[in-house]
Amino acid sequence: MNLNTLYTKALNKEPLSADEGAFLYRNAPPAELFETAQKLRYSHVPGKRVSWQIDRNINYTNVCISGCLFCNFHCTVSQKEKSYTTSTEEYKVKIAELRALGGDQILLQGGLHPNYDITFYENLFTELKSIDPEIKLNALGPPEVAHIARISRISIEETLERLVKAGLTTLPGAGAEILSDRIRKIISPAKPNTAKWCEVMRAAHKMGLSTTATMVYGHIETIEERMEHLVTIREIQADRPAGAPGFRAFISWPMQMEGTKLAEICAKRDITPVEHLKMIAISRIMLTNIPHIQASWLTVGETIGQMALHCGADDMGSIMIEENVVSSAGASFRMGSEEMQRRIHEAGFEPWLRGQDYSPR
Ligand code: SF4
């Protein structure tokens, strides 16, 4: 393999194989990798526009049967002193706070509750829409959808259709971590497997739902497995029906494992800023058919987020009003609307407020 040949292939938006991606990741001088990714960024999103959004993360419950080793957020039904299900009154307060900040979208996520079937989520979405009919629900993720389908004894398709009918607007690409069953068997053995994650996303794309894709790296995976993950995402995107939005964006971040069971079995891997920026760049290069790459500032900090805008990223994601999952495992960054826009300007770009589906606000 030859670096120049791979740069040319990448700039022509020819899909690179996992081996080619791993070769580039390991051998390309970072400056060349960043430059190649940034050229591709401008070909996907011309001009200096950098998108951002205002949404609010709300967790509907922390009860979960999955027991992922990297998760300090979840608990079991029997842990009465720790477990919760968010109440109507709490939703009303949180939605009012979101509205006061100019946002109209909720990122609604939580655990795989053993007793909450499709009816619970239909009622929840209907209730949220009755509190605020204009609120947009970017909710659940493939593991939750697969879990709800399983305990409700209905198909993935029916689950998604009923959730959309109840108010689901877009489907986040949560719970992917690394799409490899070797890894999932170790870090999240009770979570729906790789095939299920992909099946839910393919079904969502067939229905025309706008989704995102994610990756959590920096734990027990190899570089090759990261690249195979990217190829899987690209192939799902390529198979979406003509005109379907599919994955609107890709978001990757380093695993936060402070105080988790994963930290006990996995030597802590300090992801350097350069490694994160290389992941941003290689994602832009590998994902030839996904328009937006997020800078993922929440776990790496605002400054590295700004640098990512020069390494292939074109989106800063949301300001952070509330987050309980990665913050319970070590992430501690926060950013408001003014700071977000200031940071984008400071990095040399124009802030552009967007909706979850990347439409203008
Ligand atoms: S990461 Fe999600 S699925 Fe895994 S244990 Fe935590 S809440 Fe459950």
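Residues numbered from 1 in each chain as written. Predicted model: local features only at pLDDT ≥ 70, side-chain atom pairs only at ≥ 80, totals over all residues. Heavy atoms only, no water.

Visitor: Would you explain the site of the ligand in this entry?
Guide: In the vicinity of the ligand, the contacting residues are Cys64, Ser66, Gly67, Cys68, Phe70, Cys71, Phe73, His74, Gly111 and Lys191. Taken together, the residues of the shell around the ligand sort by class into 5 nonpolar, 4 polar and 1 charged. (Near = heavy atom within 4 Å. Nonpolar A, V, L, I, M, F, W, Y, C, P; charged D, E, K, R; others polar.)

Visitor: Could you clarify how one ought to interpret the sheet that holds strand β1 (residues 49-53) in this entry?
Guide: Within a beta sheet, neighbouring strands are joined by backbone hydrogen bonds and run either parallel or antiparallel to one another. Strand order in the open sheet made by the 3 strands is β9-β1-β10, with parallel pairing throughout. Edge positions in the sheet fall to β9 (315-318) and β10 (350-353), since each has one partner strand and no second. Ignoring strand direction, the axes of neighbouring strands in this sheet form an average angle of 25 degrees. Bridging between β1 and β9 involves 2 bridges; their strand directions are parallel. Across the sheet, residue Ser51 finds its bridge partner in β9, namely Asp315. (Pairing = 2+ DSSP bridges. Helix = DSSP H or I, 4+ residues; strand = E, 2+ residues; numbered from the N terminus. Axes fitted to C-alpha atoms, helices over the stretch in contact; angles between N-to-C directions.)

Visitor: What is the right way to read the packing of aromatic side chains from this model?
Guide: Describing an aromatic ring pair means giving the distance of the ring centres and the angle of the ring planes. Under the counting rule described, the total for this entry stands at 4 aromatic pairs. Centroid distance Tyr60 to Tyr121: 5.4 Å. Interplanar angle 90 degrees. Geometry classified as edge-to-face. Of this pair, Tyr60 sits in the loop between β2 (55-59) and α4 (88-100) while Tyr121 sits in helix α5 (residues 118-131), and the two are 61 residues apart along the sequence. Like Tyr121, Tyr60 is buried. Between Tyr116 and Phe120 the ring centres are 3.8 Å apart and the planes differ by 10 degrees, which places this aromatic pair in the stacked class. Joined through ring pairs, the aromatic side chains of Tyr60, Tyr116, Phe120 and Tyr121 make up one cluster. A cation sits over an aromatic face here: Lys48 above Phe349, 5.1 Å from the ring centre. Of note, Arg49 hangs over the ring of Trp352, and the distance from its end group to the ring centre comes to 3.7 Å. (Phe/Tyr/Trp six-rings, centres within 6.5 Å; stacked < 30°, edge-to-face > 60°. Buried < 20%, exposed > 50% of the residue type's maximum accessible area, 1.4 Å probe, protein only. Lys NZ or Arg CZ within 6 Å of the ring centre and 35° of its normal.)

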